[in-house]
Amino acid sequence: MKSKSRRSFVKKAAIATAGFSLLPSMSFGSDFNLNKGKLKIAFIGIGLRGTNHLSNALQRKDIEIAAICDLDPKRVDIALDKIKKAGHNAPKVFGKNEDDYKNLLELKEIDAVIIATPWLWHTKMAVDSMKAGKYTGLEVSAANTLEECWDLVNTHEETGSHLMILENVNYRRDVLAVLNMVKQNVFGDLLHFRCGYRHDLRGVKFNDGKSAYGKGAEFGEKGISESAWRTQHSLLRNADVYPTHGLGPVAVMADVNRGNRLVSLTSHATKAVGLNKYINEVGGENHPNAKLKWKQGDIITSTIETANGETIIVTHDVNSPRPYSLGFEVQGSQGVSEFDYHTQRIHIDGKTKPHVWEGMDAWLEKYDHPLWKKYGDSAAEAGHGGIDFFVLNAFVESAKENIAPPMDAYDAAAWSAVTPLSELSIENNGEPQDFPDFTRGRWINRKPYNWIKNNF
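Along each chain, numbering runs from 1 in the same order as the chain's sequence is written. Totals for whole chains, interfaces and linings use all residues, but because this is a predicted model, local features are given only for residues with pLDDT of at least 70 and pairs of side-chain atoms are given and counted only at 80 or more. Side-chain measures here rest on the full set of heavy atoms in the structure, leaving out hydrogens and waters.

So, on to the overall build of the chain. Starting at the N terminus, helices and strands are each numbered in turn, a helix being any DSSP run of H or I of at least four residues and a strand any DSSP run of E of at least two. Counting secondary structure elements, the chain contains 16 helices and 15 strands. For the chain, whose C-alpha radius of gyration is 21 Å, the value lies close to the compact-globule estimate of 23 Å for 456 residues. Principal axes of the C-alpha set define a box for the chain whose edges measure 60 × 60 × 45 Å. Of all 456 residues assigned to the chain, the portion counted as buried reaches 58%. By definition in these notes, contact holds between two residues if any of their heavy atoms fall within 4.5 Å. Within the chain, contacts between residues at least 6 apart in sequence are counted, and of these 74% link residues at least 24 apart. Each accessible area value is a Shrake-Rupley result obtained with a 1.4 Å probe; residue values ignore everything except the protein chains displayed when judging cover. About 19000 Å² of surface is accessible on the chain, with carbon and sulfur atoms providing 49% of the total. Here Asp and Glu are counted as negative and Lys and Arg as positive; His is not counted, and neither are the chain ends. Taken as the charge location is NZ of Lys, CZ of Arg, CG of Asp or CD of Glu. Between the mean site of the 56 positive side-chain charges and the mean site of the 56 negative ones, the chain shows a separation of 5 Å. Two things to know: the radius of gyration comes from C-alpha atoms, and the globule rule equals 2.2 Å times the number of residues to the power 0.38. Exposure classes here rest on a 1.4 Å probe applied to the protein chains alone. A residue is buried below 20% of its type maximum, exposed above 50%, and partly exposed in between.

On to the confidence of the model for the chain, then. Confidence of the predictor at the level of single residues is captured by pLDDT, which takes values from 0 to 100. When pLDDT is averaged along the chain, the result is 91, and 91% of the positions lie at 70 or above. Taking the mean pLDDT of every element in the chain, the minimum, 38, falls on helix H1 (residues 3-12) and the maximum, 99, on strand S10 (residues 311-317). Confidence drops under pLDDT 50 across residues 1-35; counting only partners more than four residues distant or on other chains, this segment forms 74 contacts.

On to the nonpolar core, then. Side chains of nonpolar character tend, in soluble globular proteins, to be buried together. In plain words, nonpolar cores are sets of buried Ala, Val, Leu, Ile, Met, Phe, Trp, Tyr and Cys residues tied together by side-chain atoms within 4.5 Å. Leu152, Tyr171, Val178, Phe187 and Phe395 are the most contacted members of the largest nonpolar core, which totals 119 residues. Among the elements that take part in this core, helix H14 (residues 387-401) stands out by supplying 9 residues, more than any other. Every residue in contact with tyrosine 171, bar those within four places of it in the chain, is listed here: Leu176, Leu371, Trp372, Ile387, Phe390, Val391, Ala394, Pro406, Met407, Trp451 and Phe456. Formed by 9 residues, the second largest nonpolar core is a distinct cluster that contains Phe206, Ala217, Ile279 and Trp294.

What follows covers helix H15 (residues 409-416). In terms of burial, H15 is largely enclosed, as 8 of its 8 residues are buried. As for H15, its buried residues are in contact with helix H6 (146-159), strand S6 (163-165), helix H10 (244-253), strand S8 (262-269) and helix H16 (418-427). Between N or O atoms, a polar contact is any pair within 3.5 Å; within protein, one atom must be a potential hydrogen donor and the other a potential acceptor, and residues adjacent in sequence are included only when both atoms are from side chains. With a side-chain oxygen lying 3.1 Å from the backbone nitrogen of tyrosine 410, the N-terminal cap of H15 falls on aspartate 408.

Here, a salt bridge means any side-chain nitrogen of Lys or Arg that lies within 4 Å of a carboxyl oxygen of Asp or Glu. Per the counting criterion, the structure on display carries 25 salt bridges. Between arginine 173 and aspartate 368 there is a salt bridge, with its nearest N and O atoms 2.6 Å apart. One end of the pair, arginine 173, is in helix H7 (residues 173-183); the other, aspartate 368, is in the loop between helix H12 (361-366) and helix H13 (370-379), with 195 residues separating them in the sequence. We classify arginine 173 as buried; its relative accessible area is 3%. Across the salt bridge formed by aspartate 408 and arginine 446, the nearest N and O atoms sit 2.6 Å from each other. Taken together, the positions of aspartate 408 in the loop between H14 and H15 and arginine 446 in the segment after strand S15 (433-434) put the pair 38 residues apart, joining distant regions of the chain.

With their axes 10 Å apart at the nearest point, helix H2 (residues 48-57) and H14 run at an angle of 75 degrees to one another. Taken as axis vectors, H2 and H14 run roughly perpendicular relative to one another. On H14, the residues that touch Arg49, His53, Asn56 and Ala57 of H2 are Asp388, Phe389, Val391 and Leu392. In terms of residue class, the contact of H2 with H14 is built from 4 nonpolar, 2 polar and 2 charged. Interaxial angle, 0 to 180 degrees, is taken between N-to-C directions of lines fitted to C-alpha atoms, where a helix line uses only the stretch in contact. Throughout this description, any angle smaller than 35 degrees is read as roughly parallel, any larger than 145 degrees as roughly antiparallel, any in the 65 to 115 degree range as roughly perpendicular, and the remainder as oblique. Three classes are used, and their members are as follows: Ala, Val, Leu, Ile, Met, Phe, Trp, Tyr, Cys and Pro are nonpolar, Asp, Glu, Lys and Arg are charged, and the others, Gly among them, are polar.

This brings us to the sheet that holds strand S4 (residues 112-115). Each strand in a sheet pairs with its neighbour through backbone hydrogen bonds, running either in the same direction (parallel) or in the opposite one (antiparallel). What makes two strands pair is DSSP finding at least two bridges between them. Spatially, the 6 strands line up as an open sheet ordered S3-S2-S1-S4-S5-S6, and their pairing is parallel. Strands with a single pairing partner mark the edges of an open sheet, and in this sheet they are strand S3 (92-94) and S6. Across the sheet, the axes of successive neighbouring strands diverge by a mean angle of 20 degrees, strand direction being ignored. Relative to strand S2 (residues 63-69), strand S1 (residues 39-44) is paired through 6 bridges, and the arrangement is parallel. Looking at the pairing, lysine 40 lines up with glutamate 64 of S2.

Structural data, given as structure tokens:
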């Protein structure tokens with residue numbers, strides 16, 4: 001791929017928190033093996049994120065939408081309209097109450113389930129889905145407590161049902177290219193990583209009571225979309241509540257759970273001023289929410305140690321005004337790279353000029369991932385820079401074969417454990433917290449998933 005087209009991709013991939021659409025001409029699944037028939041998928045949760053997955057799935061020829069579930073009749077109507085316009089048969093509909101998803105899971109015709117609900121429902125629904133024998137896809141983060149992390153692992157092991165954490169950032173084009181560089185020893189022995197989730201979400205966490213992105217100061221019972229549930233976490237928890245967008249990609253680079261593991265964590269939080277400032281600006285100092293005391297520090301920094309001797313710094317920063325950034329950095333004995341939407345630079349000992357950074361265009365082109373070489377021209381035009389196409393494709397292809405996915409229950413547990421561990425560390429003045437070994441020692445002999453050669 002030429003540098004010009006790569007720069008175009010980087011610009012187009014800059015955050016899309018709203019709608020997701022695919023080109024009408026795209027025909028996902030057109031060259032897949034359909035000998036086993038269509039994969040029958042159900043969607044639990046069809047808000048903005050769930051509808052993104054649904055829109056993507058409707059472009060494939062190897063999927064049948066068997067059922068949908070949501071408590072909001074408006075979201076159900078939107079989903080049914082999309083399904084009808086795509087020429088698919090009407091699915092069964094659930095959502096009469098909070099437990100109606102369990103009736104969906106009883107449908108024997110369903111092969112796989114995608115869960116995209118508010119965070120507090122993730123583990124409960126995923127556990128029930130695996131117990132029902134469904135191949136389960138779970139949005140991030142996968143769990144809120146250490147007990148929930150163990151619930152995901154234990155249920156997978158007890159039932160044999162697979163779980164895939166749907167971490168789409170692992171499929172970003174630059175992320176996969178750098179992973180390719182890591183695997184080909186460009187950086188030498190790995191030493192250190194930086195990553196995180198730095199995204200101004202104030203406009204998502206609050207609304208004007210009329211629309212999801214209206215500039216207002218309402219949330220909770222008066223909230224719309226994510227402000228109805230996400231904002232409450234900032235009020236009640238001083239923790240990195242959304243670690244996987246950054247940690248997932250670097251954990252794969254470091255072979256976490258497959259020859260390596262996360263060992264310990266320390267976390268610190270700044271004071272919390274960003275949300276109060278925002279409410280005062282948009283709602284006024286007399287607004288009831290202007291008097292709230294927010295527990296979550298505006299910036300949370302966690303340092304993780306691995307069994308193989310690397311360190312990982314993870315940053316959570318969503319309550320302050322700043323451009324979007326995941327702040328990736330990979331450093332080894334041979335060199336270092338910093339890459340994100342706003343900057344991509346590299347220094348490799350003996351390969352680049354001494355003591356200076358160089359651009360990464362040529363490196364990213366040389367180590368471009370085979371998946372992106374094959375589907376990049378089409379997928380790059382889709383929402384989130386195309387990564388949603390790839391994460392759904394990996395889920396579907398793994399489910400069709402009923403094999404372990406690229407990002408499994410052990411990954412879901414380890415990456416999500418940052419939330420409760422960071423909370424404990426902050427509560428105890430940065431005291432180190434030990435990561436549980438969710439693999440029960442099997443990480444020593446587990447082989448890394450081959451992200452470079454596999455088709456998904």
